[in-house]
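Structure at a glance
For reference, the chains in residue letters:
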Amino acid sequence: MAIHKDKINPEDDLGFGTQPVVKSQPVINKDGSINVKRTGLPFFSTANNYHSLITMSWRRFWVIVFTGYLTANIIFAGIYVSLGKDVLDGKSGNTGFDRFMDAFFFSAQTISTVGYGHISPRGMMANSVAALESMMGLLAFALATGLLYGRFSRPSAKILYSDKLLVAPYRDKGWGLMFRLANLRRNILIDLEIEVVFGYNEEVNGKTIRKFFQLELERKFVSILTVNWTVVHPLDENSPLKDMTKEEFEIKQASVSVILKTFDDTFSQTVHSRTSYIYSDVVWGAKFVPVFHRDEEGQAIIDMSRISEYEVVH
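A few points on the structure. (Residues numbered from 1 in each chain as written. Predicted model: local features only at pLDDT ≥ 70, side-chain atom pairs only at ≥ 80, totals over all residues. Heavy atoms only, no water.)

1. Re helix H3 (residues 96-111)
Going by this rule: In DSSP terms, a helix is any run of H or I states spanning at least four residues, a strand is any run of E spanning at least two, and both are numbered starting from the N terminus. Take the number of residues in a helix, subtract one, and multiply by 1.5 Å to get its expected span. Think of it in three bands: residues with accessible area under 20% of the maximum for their type are buried, residues over 50% are exposed, and the middle band is partly exposed, with areas taken using a 1.4 Å probe on protein chains only. Whether two residues are in contact is decided by their heavy atoms: any pair within 4.5 Å suffices.
Taking 1.5 Å per residue, 16 residues should reach 22 Å; H3 reaches 22 Å between its end C-alpha atoms and fits that length. Three or more residues of H3 are buried, namely Asp102, Ala103, Phe104, Phe106, Ser107, Ala108, Gln109, Thr110 and Ile111. On its buried face, H3 sits against helix H2 (58-82), strand S1 (88-89), strand S2 (120-121) and helix H4 (124-153). One or two steps after H3, the chain reaches Thr113, where phi turns positive at roughly 60°.

And the structure:
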C-alpha cells in the first residue's frame, strides 16, 4: 500500500492509541460504541450505573426493570409468609402456594401504593414491613420515572450508514473511497461536519504499532441534511491510498473510523454519531444505486431501505 509519509504525523494517534488491531477488532464498533473493555472498576458506581441504564438498549432496560420489580415482590412476599399464616387479613389461599401468591399480589399492591384493600396487614411486624415496602416503592418508581425521562430526553443522532465502504468510480476516470449516510429521523440536522480517519498496522523497529491519519474528503461540511450524503475520499494523486490493494488492506488490518458532528434543530444541541468499517467491509469496483426519486406530484422521496444497496461495475 503506497502511503505518503508526509501525510502522517507519527507522534499523533488522533485519540485512538497506538496499540495494533488484531482479529479485526477496531477501536470503534459499527454502532458507534467504543470497543474497549474496562476492568478494575467498582461494581457499584453511581456514575457508571446511571450512564449504563441511560444508554443501554430498550430491551435490556425493560428486562432489568421487570426483573427488579418481580424480585422485590418475591422477596417481600417471602417475608410476609415467614411472619405467619395470620399476618394478612382477607387472604383466600389455603395451600402454601396460594398463601404465597396472596402475599405476592399484596406486595405488588403495596409497592405501587395502589392498595385495593382486599388484603391488609395485621400486627406490628406486618404493618412495619408494608410501610417499609411502600416507601421503597415510591423511591423505586421515582427512580424509574427519572430514568425513562433521561432516556427520552437525551439528545442523540440517529444516522443510518451504508453497510459497506465502496471503491467506486469517481468523476471522469478516477476512483473514490466512499460510503453513504442519511438521517433516520424527521428532524432537521444542520451544520454537519464529518471526519474520516484511516488506521492501519505497521512494523516499526520490529514492533507492530497502529498509525492513523485523516482522509481528505470531497466535502467535509454540509449546511443541512435533507436527503442522503455520499461521503467521498478521492483516490487521486494526492491520496495516500491511491495504490492500495485489497490484499494490503487485509494484511495491515486497515480500518476507517467515521465521526460525525451536527446540530439538532429540535433539541437545539450539538449531537454526535460514529461508525467504523474494516477491510472486510470494503467492496472493490462497485457503486451505490440511487435512493432518491420523485413521485408523480414532484414530491422528493428517499428510500431508506436501499441506503446500503450497490451494484458491481466493470
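2. Quick word on the pattern of salt bridges
Under the convention used in this document: By definition, a salt bridge exists where a carboxyl oxygen of Asp or Glu is found within 4 Å of a side-chain nitrogen of Lys or Arg.
Per the stated rule, a full pass over the model turns up seven salt bridges. Note that Arg122 and Asp89 form a salt bridge whose closest N and O atoms lie 2.5 Å from each other. Placement of Arg122 in the loop between S2 and H4 and of Asp89 in strand S1 is noted, with a sequence separation of 33 residues between them. Among the ionic pairs, Arg171 bridges to Glu218, the shortest N-O distance being 3.7 Å. Here the residue Arg171 occupies a position in the loop between strand S4 (165-170) and strand S5 (174-183), and Glu218 occupies one in the loop between strand S7 (207-214) and strand S8 (221-224), the gap between them amounting to 47 residues. Taking the relative accessible area as the measure of exposure, Arg171 reaches 66% and is therefore exposed. For Glu218, a relative accessible area of 34% gives the class partly exposed.

3. What about the packing of aromatic side chains?
Cut-off, in case you're wondering: Ring pairs are drawn from Phe, Tyr and Trp, using the six-membered ring of Trp, whenever the two centres fall within 6.5 Å, and their geometry is named by plane angle: stacked under 30 degrees, edge-to-face over 60, tilted for the rest. In this analysis the charged atom, NZ for Lys or CZ for Arg, is taken to sit over a ring once it is within 6 Å of the ring centre and within 35 degrees of the ring normal.
Inspection of every chain in the model, using the stated rule, returns 13 aromatic pairs. Measuring from centroid to centroid gives 6.4 Å for Tyr200 and Phe213, while their planes differ by 70°, and the two rings are edge-to-face. Residue Tyr200 is located in strand S6 (residues 189-204), and its partner Phe213 is located in strand S7; the two are separated by 13 residues in the primary sequence. An aromatic cluster is built from Trp58, Phe61, Trp62, Phe66 and Phe152, whose rings are joined through pairwise contacts. Above the face of the Trp58 ring, Arg151 is positioned so that its terminal group lies 4.1 Å from the ring centre. One cation-aromatic arrangement involves Arg151 over Phe61; the distance from NZ or CZ to the ring centre is 4.7 Å.

4. Describing the nonpolar core
Note the following rule: As used here, the term nonpolar core means buried Ala, Val, Leu, Ile, Met, Phe, Trp, Tyr and Cys residues forming a set that is joined through side-chain atoms within 4.5 Å.
Core analysis: the biggest nonpolar cluster contains 32 residues, and Leu177, Phe179, Leu181, Ile194, Phe198 and Trp229 have the highest contact counts within it. With near-sequence residues (within four places) excluded, Phe179 lies in contact with Tyr161, Ser162, Lys164, Leu165, Ile194, Val196, Trp229, Thr230, Val231, Val258, Tyr277 and Phe288. Among the nonpolar cores identified, the runner-up in size contains 12 residues, and Val87, Phe104, Ile119 and Val129 belong to it.

5. Side note on the packing of H3 against H4
Describing two packed helices takes the angle between their axes plus the distance from one axis to the other. Heads up, the condition is: The angle between two axes is taken between their N-to-C directions and runs from 0 to 180 degrees, where each axis is a line fitted to C-alpha atoms and a helix contributes only its stretch in contact. In what follows, roughly perpendicular refers to angles from 65 to 115 degrees, roughly parallel to angles under 35, roughly antiparallel to angles over 145, and oblique to any angle outside these ranges. When residue character is reported, Ala, Val, Leu, Ile, Met, Phe, Trp, Tyr, Cys and Pro are called nonpolar, Asp, Glu, Lys and Arg charged, and the others, Gly included, polar.
Viewed as axis vectors pointing N to C, H3 and H4 meet at an angle of 55°, and their least axial separation amounts to 8 Å. In terms of orientation, H3 and H4 fall into the oblique class. Taking contact as the criterion, the partners of Phe106, Ser107, Thr110 and Ile111 in H3 are, on H4, Ala130, Glu133, Ser134, Gly137, Leu138 and Phe141. For the contact of H3 with H4, the per-class residue count stands at five nonpolar, four polar and one charged.

6. Observations concerning the pairing of strand S9 (residues 228-234)
Rule in force here: The pairing criterion is simple: DSSP has to find at least two bridges between the two strands.
Among the seven residues that make up S9, five are buried, leaving the element largely enclosed by the rest of the structure. Pairing between S5 and S9: seven bridges, direction antiparallel. Following the sheet pairing, Arg180 is matched in S9 by Thr230.

7. A word on unusual backbone geometry
With phi around 55°, Asp191 is a residue other than glycine that occupies positive phi space. Judged by relative accessible area, Asp191 falls into the exposed class, the value being 53%. One non-glycine residue, Gln253, lies in the positive phi region at around 50°. In this structure, Gln253 sits in the loop between helix H5 (246-251) and strand S10 (255-264).

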